[in-house]
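# Structural overview
Residue-level listing of the chains:
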Amino acid sequence: MTLLQSSKAIHVLLQDAIARDITTARRAALLHILWNERFLTRAQLITRVEYQLSRDCFGLSAWEDAFFRDMRVVKKAFQKVGLVLEYSRKKEKCGYFVREQEALSLEFKQMIK
């Protein structure tokens, strides 16, 4: 069973699922965006995901349901590795963020340098 524990093997399977399934693609995009950016509202998250995947990738009629289902799964994914996804309603910092995470991700810090 060591093959299944290999992160490279799992990564290949995940990449295939992302390419074939829009729901998995949306959730992977949300996870990546939330890991790298802070204090994004629902509208901002949807815009970023649609930019990466396609306009209306959340659907035309039930997009709110799709978004909230996706966010529940993404929140569970963060919890599985000991992180907490929260939502701030503060006027100066409104939106989703991962608790106890630095203001800028390592990826963004490297881009700034």
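Below is a summary of the structure that appears in this document. (Residues numbered from 1 in each chain as written. Predicted model: local features only at pLDDT ≥ 70, side-chain atom pairs only at ≥ 80, totals over all residues. Heavy atoms only, no water.)

### Considering the overall build of the protein
In terms of helices and strands, the protein carries 6 helices and 2 strands. Reading the protein from its N terminus to its C terminus gives the helix and strand order α-α-α-α-α-β-β-α. Projected onto its principal axes, the C-alpha coordinates of the protein cover approximately 50 × 40 × 30 Å. Classification of the 113 residues of the protein by burial places 27% in the buried group. Once local pairs closer than 6 in sequence are excluded, the contacts in the protein between residues at least 24 apart make up 52%. Within the structure as shown, the protein displays about 8,300 Å² of accessible surface, and the carbon and sulfur contribution to it stands at 57%. Side chains of the protein carry 20 positive and 13 negative charges; the gap between the two charge centres is 4 Å. (Helix = DSSP H or I, 4+ residues; strand = E, 2+ residues; numbered from the N terminus. Buried < 20%, exposed > 50% of the residue type's maximum accessible area, 1.4 Å probe, protein only. Contact = heavy atoms within 4.5 Å. Areas by Shrake-Rupley, 256 points an atom, 1.4 Å probe, with all protein chains shown as cover. Lys, Arg positive; Asp, Glu negative; His and termini not counted. Charge placed at Lys NZ, Arg CZ, Asp CG, Glu CD.)

### Concerning the nonpolar core
For soluble globular proteins, the rule of thumb is that nonpolar side chains tend to be buried together. Counting 18 residues, the largest nonpolar core has Leu34, Leu45, Phe67, Met71 and Leu85 as its most contacted members. Where this core is concerned, the elements lending two or more residues are α3 (22-36), α4 (42-52), α5 (63-80) and β2 (94-98). (Core = buried A, V, L, I, M, F, W, Y, C linked by side-chain atoms within 4.5 Å.)

### Some details on the pairing of strand β1 (residues 85-89)
Where β1 and β2 come together, 5 bridges link them in antiparallel fashion. Within the sheet, the bridge partner assigned to Tyr87 lies in β2 and is Tyr96. Between the end of β1 and the start of β2, which pair antiparallel, lie 4 residues. (Pairing = 2+ DSSP bridges.)

### Quick word on the side chain of Glu50
Residue placement: Glu50 occurs in helix α4. At 4.4 Å, Arg55 is the nearest oppositely charged side chain to Glu50, a buried residue that forms no salt bridge. Each residue touching Glu50, except ones within four places of it in the same chain, is listed here: Arg55, Asp56, Cys57 and Phe58. (Salt bridge = Lys/Arg side-chain N within 4 Å of Asp/Glu carboxyl O.)

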